[in-house]
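Here is what each chain is made of, one letter per residue.
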Amino acid sequence: MEPINEALELLKRQAQLENGLRQAGGIRITEERELYALRERLQRYPQAVSAILQTARNLNRTVDALEARDVRGLG
């Protein structure tokens, strides 16, 4: 899988997990562990993550509203 595609999918999943953990209902160990593992995987793609976050800022959108073509279109 291409780094931008994989990093974008990981960032979208990270947003889902973080939103879920903010909800009331107690601690979810499984989701928290997945979040830590996911953040570790994201460290493999520093340039892709940077490009995705910059694109989100430039387009004034959240990461989970982006598509890979958005990131490539501004590059």
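Residues numbered from 1 in each chain as written. Predicted model: local features only at pLDDT ≥ 70, side-chain atom pairs only at ≥ 80, totals over all residues. Heavy atoms only, no water.

The next point concerns the overall build of the chain. Each helix and strand in the chain was counted, giving 4 helices and 0 strands. Scanning the chain from its N terminus toward the C terminus, one meets helices and strands in the order α-α-α-α. With respect to the principal axes defined by its C-alpha atoms, the chain has extents near 40 × 25 × 15 Å. In the chain, which comprises 75 residues, the share counted as buried stands at 32%. In the chain, once contacts between residues fewer than 6 apart in sequence are set aside, the share between residues at least 24 apart is 55%. A total of about 5200 Å² of accessible surface is found on the chain, and carbon and sulfur atoms cover 47% of it. Of the side chains in the chain, 12 bear a positive and 11 a negative charge, and the two mean positions are spaced by 2 Å. (Helix = DSSP H or I, 4+ residues; strand = E, 2+ residues; numbered from the N terminus. Buried < 20%, exposed > 50% of the residue type's maximum accessible area, 1.4 Å probe, protein only. Contact = heavy atoms within 4.5 Å. Areas by Shrake-Rupley, 256 points an atom, 1.4 Å probe, with all protein chains shown as cover. Lys, Arg positive; Asp, Glu negative; His and termini not counted. Charge placed at Lys NZ, Arg CZ, Asp CG, Glu CD.)

Let us look at unusual backbone geometry. Residues other than glycine seldom take positive phi values, yet Asn60 does so here, at roughly 55°. By the element assignment, Asn60 lies in the loop between helix 3 (46–59) and helix 4 (68–74).

Another point: the nonpolar core. By size, the foremost hydrophobic cluster in this structure holds 18 residues, and its most contacted members are Ala7, Leu42 and Ile52. Among the secondary structure elements, those contributing two or more residues to this core are helix 1 (3–22), helix 2 (29–42), helix 3 and helix 4. Not counting residues within four places of it along the chain, the set of residues in contact with Ile52 comprises Ile4, Ala7, Leu8, Leu11, Val63, Leu66 and Val71. (Core = buried A, V, L, I, M, F, W, Y, C linked by side-chain atoms within 4.5 Å.)

These results come straight from atomic positions and should not be treated as a statement about function.
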